[in-house]
Amino acid sequence: MDLDAFSAAHRDDWARLDDLGRRRTYSGAEADELIDRYQSGATELSALKTSAGSTVAGDRLSVSLSRARQRFTGSSANLFAAIPAFFALQLPAALYRLRWIIAVVAAATILVSVLYAVWVANNPQVLANFGTDAELQKIAQNDFVNYYSDNPAASFTGQVWTNNAWITAQCVAFGIVGVYVPFVLLQNAMNIGVSAGVLFHFGYGAEFFQYILPHGMLELTAIFVGAAAGLRIFWAFIAPAARTRGQALAEDGRALFTVAIGLIFVLLVSGVIEGFVTPQPWPWPVKVAIGAVALGAFVFYIVFVGGRASRAGETGDLEEFDAGAKRLIAA
């Protein structure tokens, strides 16, 4: 196909389609013409993409078609009809793409936490920077455990849920800057390591794990996922491969921000466990088992449901028509 000749031959038709798409009211004849020109334009766009791939002319036509479609369809697809596809295909596919980054982030965070815990627990001079001996012993004996039961379970659940959801959403949204996600992960690892070091120093290491593991397994995994999404968006900008940086950032940003939405529900589950299970006077194996089951369900969702969605061609991104043109085009 001669792209220039094809574009010249249809220029007037496309201009008319664009003009009709910009109008707010139509006569009966104009409404019929809009639909006819939309159908013709869609056929021509298909021919353009098949023969020449992504082109400026094709992107302009795509914008005009999108505007025209809004005129006779009114609104996008029903939100409730899109929910099953989101949870069965888009979200798990996006999570599956992050599986190896999640593993690396988790391993790095655990390693840093362990190093801090060992450093704090075995160095009285380091430990003294966090408080007096009496203050730290009070934290180890009472405050660490009482933290989970000082407030009503429902309000405590809401507090930790919104706080953790806000942190993970920031990791995804600000991942593009590069330094924000490592900073959050380092702060998180330091806090865990210092808390563990204090409790182990005073002989309360078992209590640390008994009160962290029930909710912490799922909660920390959700934070690792949010961090992985932010890092993946940053890497898409740094190394876009065959795409332009704008295309890579738009595609991965759309696909991976679904992760932030999905983590809201994951963190709700961990918040419920933290508020209603962790402080209970139940045998610790029971509480840890509940946390393990929740984590196992999430891992199954990522690996098996996500793997199936990925093999079906899903990436987590919007459908091509809804995503729009892949390049910025002046309309």
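Everything below is about the structure printed above this text.
If you're wondering where the values come from, they're calculated on a predicted model, not measured in any experiment. (Residues numbered from 1 in each chain as written. Predicted model: local features only at pLDDT ≥ 70, side-chain atom pairs only at ≥ 80, totals over all residues. Heavy atoms only, no water.)

Caption draft 1: Examining the overall build of the protein more closely. If you tally the helices and strands in the protein, you get 13 helices and zero strands. Helices and strands in the protein line up, N terminus first, as α-α-α-α-α-α-α-α-α-α-α-α-α. The C-alpha radius of gyration computed for the protein amounts to 26 Å, which surpasses the reference 20 Å derived for 331 residues by more than 25%, pointing to a less compact arrangement than a globule. The principal-axis extents of the C-alpha atoms in the protein amount to approximately 85 × 35 × 35 Å. (Helix = DSSP H or I, 4+ residues; strand = E, 2+ residues; numbered from the N terminus. Rg over C-alpha atoms; globule rule 2.2 N^0.38 Å.)

Caption draft 2: Broad picture of helix H5 (residues 99-121). Between its first and last C-alpha, H5 extends 33 Å over 23 residues, near the 33 Å set by a 1.5 Å rise per residue. The set of residues buried in H5 consists of Ile102, Val105, Ala106, Thr109, Ser113, Ala117, Val120 and Ala121. (Expected span 1.5 Å × (residues − 1). Buried < 20%, exposed > 50% of the residue type's maximum accessible area, 1.4 Å probe, protein only.)

Caption draft 3: Structural view of the side chain of Ser270. Structurally, the position occupied by Ser270 is in helix H11 (residues 245-276). What makes Ser270 buried here is its relative accessible area of 1%. Not counting residues within four places of it along the chain, the set of residues in contact with Ser270 comprises His215, Leu218 and Glu219. (Contact = heavy atoms within 4.5 Å.)

Caption draft 4: Just the environment of Arg311, in detail. In this structure, Arg311 sits in helix H12 (residues 284-311). Residues Arg311 and Ala93, 218 residues apart in the sequence, show an inter-C-alpha distance of 8.8 Å.

Caption draft 5: Quick look at the nonpolar core. Ranked by internal contacts, the top residues of the largest apolar core, which has 35 residues, are Leu95, Leu98, Ile102, Val225, Val259, Leu263 and Phe298. At the level of secondary structure, the elements contributing two or more residues to this core comprise helix H4 (79-97), H5, helix H8 (153-173), helix H9 (180-201), helix H10 (205-238), H11 and H12. The element that contributes the greatest number of residues to this core is H10, accounting for eight residues. Those residues in contact with Val259, other than ones at most four positions away along the chain, are Leu91, Ala94, Leu95, Leu98, Val225 and Ala229. In this structure, Val126, Tyr148, Val198 and Leu199 belong to the second largest nonpolar core, which totals 18 residues. (Core = buried A, V, L, I, M, F, W, Y, C linked by side-chain atoms within 4.5 Å.)

Caption draft 6: Local environment of the packing of aromatic side chains. Taken as a whole and assessed by the stated rule, the structure comprises 14 aromatic pairs. Ring plane angle 70 degrees and centroid distance 5.9 Å describe the contact between Tyr116 and Trp119, whose orientation is recorded as edge-to-face. Taken together, the residues Tyr116 and Trp119, both in helix H5 and three residues apart, mark about one turn of the helix. Since its relative accessible area comes to 22%, Tyr116 is described here as partly exposed. In this structure Trp119 comes out as partly exposed when scored by relative accessible area, which is 45%. Counting every residue linked through ring pairs, the aromatic cluster contains Phe144, Tyr147, Tyr148, Phe156, Phe200, Phe208, Phe209 and Tyr211. Note that Arg245 overlies the ring of Phe237, its terminal NZ or CZ placed 5.8 Å from the centroid. It is Lys287 that lies over the ring of Tyr211; its NZ or CZ is 4.7 Å from the centre. (Phe/Tyr/Trp six-rings, centres within 6.5 Å; stacked < 30°, edge-to-face > 60°. Lys NZ or Arg CZ within 6 Å of the ring centre and 35° of its normal.)

Caption draft 7: Region of interest: a nonpolar patch on the surface. A contiguous nonpolar patch, built from Ile83, Phe87, Phe257, Ile261, Ile264 and Phe265 and spanning about 480 Å² of accessible area, is present on the exposed surface. Elements represented by at least two residues in the nonpolar patch include exactly H4 and H11. Counting residues per element, the nonpolar patch draws most heavily on H11, at four residues. Turning to its location among the elements, Ile264 is positioned in helix H11. Judged by relative accessible area, Ile264 falls into the partly exposed class, the value being 35%. (Patch = residues over 30% accessible without salt bridge, like charges linked within 9 Å, V, L, I, M, F, W, Y side chains within 5 Å. Areas by Shrake-Rupley, 256 points an atom, 1.4 Å probe, with all protein chains shown as cover. Salt bridge = Lys/Arg side-chain N within 4 Å of Asp/Glu carboxyl O.)

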